[in-house]
Amino acid sequence: MNDVESARAFSVRNERPDDADAVRRVVTDAFDRPDEAAIVDALRGSEVVTLALVAELDGQLVGHIAFSPVSIATEQGQVLVEEGQGVVGLAPVSVVPLHQGRGIGGRLIEEGLSRLRAQGHGAVVLLGHPSYYPRFGFRPAAQRGLRWEIPCPPEAFMVQELRAGALPEGGGVVRYRAELGGGEHD
C-alpha cells in the first residue's frame, strides 16, 4: 500500500468530548513534549475551539487539528475584527510519528478549511513551516499587511482568506487567544 492509499484508510471526524485523553496522547506524541497538548486542553477547557477534527484508523486516533478564534487590531489597539467574527487560527495540527508523512496532516487541514468555508468563516492564520502550508493556499500574512503580535519570522506567519473581504484592507496585528500564547484578552 502506498502513502496515498494509506492516507485514504483513515477517516476524519469531529472531535468528541470523550476523545480528550486520546487527543492529548496524539498531540504529545506528535510534538514529543506536552506543551501543545496543554494548549489544546486549555482551549477545550475555555470552550473556545471553533473546530476540532481527528483522524482515526481502526478505532485509534492518529491525528488532530484545532482552530480557534483570533482578533485583528490596528497598531494602536483599535479592534478591526473581533474574536469570533470569522477569522480563526490553526493550531496545532498533529499526527503521531508512526503515521507522519502519509498525508494525514494534509487531509486534516483540507477538511478543516472546507468545513470552515461551509460555516462561513472568512480567514485562517497560522504560524508554521513556510514550505509546507502554501500547498494548502496559505501565503505570508505580511502580503496582506498582517503580523502576529509576537515577533516571529515573517515568512512563517501565514494567512488564507476563505471569503473575499474578510480581512481588513490595511492589515493589522493578529491576536491569538491567551491559551495559544496571545496577549491579554478581556
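Residues numbered from 1 in each chain as written. Predicted model: local features only at pLDDT ≥ 70, side-chain atom pairs only at ≥ 80, totals over all residues. Heavy atoms only, no water.

Looking at the sheet that holds strand β5 (residues 79-81)
Then comes step 1: Spatially, 4 strands are ordered β5-β4-β11-β9 in an open sheet, and the strand pairing comes out mixed. Whereas interior strands pair on both sides, the edge strands pair on one side only; in this sheet they are β5 and β9 (146-148). Geometrically, the sheet is characterised by an average inter-axis angle of 40° between neighbouring strands, direction not taken into account. (Pairing = 2+ DSSP bridges. Helix = DSSP H or I, 4+ residues; strand = E, 2+ residues; numbered from the N terminus. Axes fitted to C-alpha atoms, helices over the stretch in contact; angles between N-to-C directions.)

Observations concerning the confidence of the model for the protein chain
Then comes step 1: Looking at the protein chain, pLDDT values average 92 and 92% of them are 70 or higher.
Then comes step 2: Across residues 1-5, confidence stays below pLDDT 50; counting only partners more than four residues off in sequence or on other chains, it has 3 contacts. (pLDDT = per-residue confidence, 0-100. Contact = heavy atoms within 4.5 Å.)

With respect to the sheet that holds strand β3 (residues 60-69)
Then comes step 1: With mixed pairing, 7 strands are arranged side by side in an open sheet as β1-β2-β3-β6-β7-β10-β8. Of all strands in the sheet, those with a lone pairing partner are β1 (11-14) and β8 (139-140), marking the two edges.
Then comes step 2: Across 7 bridges, strand β2 (residues 51-57) lies against β3 in antiparallel orientation. Among the inter-strand pairings, A55 is bridged to a residue of β3, identified as G63.

Re the packing of aromatic side chains
Then comes step 1: Evaluated as defined, the whole model comprises 5 aromatic pairs.
Then comes step 2: For the pair W148 and F157, a centre-to-centre distance of 6.3 Å together with 15° between the ring planes defines the contact as stacked.
Then comes step 3: Residue classification places F157 among the buried positions, given a relative accessible area of 2%.
Then comes step 4: A connected cluster of aromatic rings, assembled from ring pairs, spans Y132, Y133, F136 and F138. (Phe/Tyr/Trp six-rings, centres within 6.5 Å; stacked < 30°, edge-to-face > 60°. Buried < 20%, exposed > 50% of the residue type's maximum accessible area, 1.4 Å probe, protein only.)

Points about unusual backbone geometry
Then comes step 1: The step from A91 to P92 runs through a cis peptide bond, and the omega angle for that step is -15°.
Then comes step 2: Mapped onto the secondary structure, P92 falls in strand β6 (residues 87-95).
Then comes step 3: One non-glycine residue, D58, lies in the positive phi region at around 50°.
Then comes step 4: By the secondary structure assignment, D58 is in the loop between β2 and β3.
Then comes step 5: Taking the relative accessible area as the measure of exposure, D58 reaches 73% and is therefore exposed.

Details of the pairing of strand β10 (residues 157-161)
Then comes step 1: Summarising burial for β10: 4 of the 5 residues are buried, a large majority.
Then comes step 2: Judged from the 5 bridges that link them, strand β7 (residues 123-127) and β10 form a sheet pairing that is antiparallel. Paired with L126 across the strands is M158, a residue of β10.
Then comes step 3: Relative to β10, β8 is paired through 2 bridges, and the arrangement is antiparallel. Paired with P140 across the bridge in β10 is M158.

Looking at the layout of surface pockets
Then comes step 1: If you add up the space inside the largest pocket, you get close to 300 Å³.
Then comes step 2: If you go around the largest pocket, you meet 14 residues; those closest to its centre are L90, A91, P92, L127 and L180.
Then comes step 3: Secondary-structure elements contributing two or more residues to the lining of the largest pocket are α3 (35-45), β6 and β7.
Then comes step 4: Per-element accounting of the lining of the largest pocket gives the leading share, 4 residues, to β6. (1 Å grid on protein atoms, 1.4 Å probe; cavity = no way out; pocket = protein on both sides within 12 Å on 5 of 7 lines; lining within 4 Å. Points joined across faces, edges and corners; volume = space filled by probe spheres on them.)

A short note on helix α2 (residues 20-31)
Given 3.6 residues to a turn, an α-helix orients residues that are three or four positions apart in the same direction.
Then comes step 1: Here α2 contains 12 residues, and its C-alpha end-to-end distance of 17 Å stays within 8% of the 16 Å for a straight helix at 1.5 Å per residue.
Then comes step 2: A20, A22, V23, V26 and V27 are the residues of α2 that are buried. Seen along its axis, α2 keeps its buried residues to an arc of 160°; they face one direction.
Then comes step 3: In this structure, the buried side of α2 is in contact with α3, β2, β3 and β6.
Then comes step 4: Trailing α2 by a residue or two, D32 shows a phi angle of about 60°, which is positive. (Expected span 1.5 Å × (residues − 1). Arc of directions from axis to C-beta.)

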